[in-house]
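Next come the chains, spelled out residue by residue.
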Amino acid sequence: MSHTHIIGGGLAGLSAALAVTEAGRAVTLYEASPACGGRCRSYFDHTLGCRIDNGNHLLLSGNHATMAYLEKIGARHTLGGPTVPVFPFADLASGASWTLRPSLGRIPFWLLQKSRRVPGSKPWHYLPLQKLGQSRPTDTVANCLPDNALFRRFVTSLAIAALNTHPIKGSARLLGAVIDETLARGGAACIPLFPRQGLSESFVDPAVAHLQAAGATVRIGAPITALPRDGGRITALIGPDGPIPLGPADGVILAVPPWIAAGLLPELTVPDEFQAILNLHFRADADPSEAGFWGLVNATSEWVFTKPGIVSVTISAANRLVDRSAEDLANIVWPEIALLLNLPAKLPLYRVVKEKRATFAATPAQNLRRPHAATAWCNLALAGDWTATGLPATIEGAIRSGRTAAHVAGVAF
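These figures come from a predicted structure and were not determined experimentally. (Residues numbered from 1 in each chain as written. Predicted model: local features only at pLDDT ≥ 70, side-chain atom pairs only at ≥ 80, totals over all residues. Heavy atoms only, no water.)

Engineer: Explanation requested: the side chain of Asn56 in the structure shown.
Structural biologist: Its place among the elements puts Asn56 in the loop between strand E4 (50-53) and strand E5 (59-60). At a separation of 2.8 Å, a polar atom in the side chain of Asn56 contacts the side chain of Thr314. In this structure Asn56 touches Asn279, Phe305, Ser312, Val313 and Thr314, once residues within four positions along its chain are discounted. (Helix = DSSP H or I, 4+ residues; strand = E, 2+ residues; numbered from the N terminus. Polar contact = N/O pair within 3.5 Å; in protein donor to acceptor, adjacent residues only side chain to side chain. Contact = heavy atoms within 4.5 Å.)

Here it is in structure tokens:
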């Protein structure tokens, strides 16, 4: 039987392993760190005295690859959220608040109701959003859309969240791909979802258990440090216990961050500019919104999630802030959260999680540097949210990339 070796236990690697295992091939997955999940994981924080997510991830019902992944590992029921598309926002500068409420069907009747739109926006302001996917490869979001209330009070937040890049520099085509699969398909594809308990409990632990039950081997704390090559193929993996020879029918799926992939294979062209994400977790109880989260405008904080005993804040495209101390960041963010949620001004216990290279910078130039799954080596495929998925670096993109790599493996290996 052919053996597929998957390097990297993030969501791309797990997705690839599930697809290859399902095809009936033997799989060994190697993860360098002590646990799988990559940037999508949970852990017990001793300072806060509770379990927290490494970061916040908001999913949408239109993320069909993600929903299929969760169904496969028996974890679809672990997601919670509202039963209808609802997105509450607050403008901390003006004190205004509103809720975006798309109608469920494809025909956007909701745009005819002022109370369901972004304040100050007109129904025709939304029409250019549907054309972003057909923009030129060099276009940015800001190049393609007018600077109006919709742009300032919604599109900017959406772009920064989806692209992890400000719309002034972010790829219009990548944001268009997100809109095409969600908002353009109607509210039924825009219902927000997030793990009830934690990212690991939804995305990682059930996947690892499913793989092991299917006979796959999952090795954690097992970095692969070199990929010897000869005659257009990978001949071995260099692991912690020495060389792992590859048979003539064996293959490799490389599902690691781009800088690690380039270190193993300097011949690869990969994205080389990155954006940070900051997540701040505060030990506090707050009344949730009807959605379970808030989007903020005119604030340092961007998305606020409430769970029992924890308020979590996400700040994307955060290169400008990432080198600030944790104390400084907490003192900047907490007054905004206290104002939003009517909480005491005194700073509670907190944890700041910094991902300095959370995603590639989703600019037009960096998008062109994303490689396809198939490579110059006949028994090697690539997976990762940084590969050419057609989407920004999201959970949906990571999971699709793993499935694509598994397909390439099945065809080529």
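Engineer: What am I meant to see in the sheet that holds strand E9 (residues 192-195) here?
Structural biologist: Neighbouring strands of a sheet are bound in pairs by backbone hydrogen bonds; such pairs are parallel or else antiparallel. Pairing in this open sheet of three strands is antiparallel, and the strands run E5-E9-E6 from one edge to the other. Edge positions in the open sheet fall to E5 and strand E6 (79-80), since each of these has one partner strand only. Two strands pair when backbone bridges link them, and E5 and E9 are joined in this way by two bridges, in the antiparallel orientation. Residue pairing for E9: Leu60 is matched across the bridge by Pro192. (Pairing = 2+ DSSP bridges.)

Engineer: Explain helix H1 (residues 11-22) here, please?
Structural biologist: Given 3.6 residues per turn, any residue in an α-helix points the same way as the ones three and four places further on. For H1, spanning twelve residues, the distance from its first C-alpha to its last is 16 Å, which sits close to the expected 16 Å at 1.5 Å a residue. By the criterion of burial, H1 is predominantly enclosed, with eleven of the twelve residues buried. Burial in H1 covers these residues: Leu11, Ala12, Gly13, Leu14, Ser15, Ala16, Ala17, Leu18, Ala19, Val20 and Thr21. Positive backbone phi, at 90°, marks Gly24, one or two positions downstream of H1. (Expected span 1.5 Å × (residues − 1). Buried < 20%, exposed > 50% of the residue type's maximum accessible area, 1.4 Å probe, protein only.)

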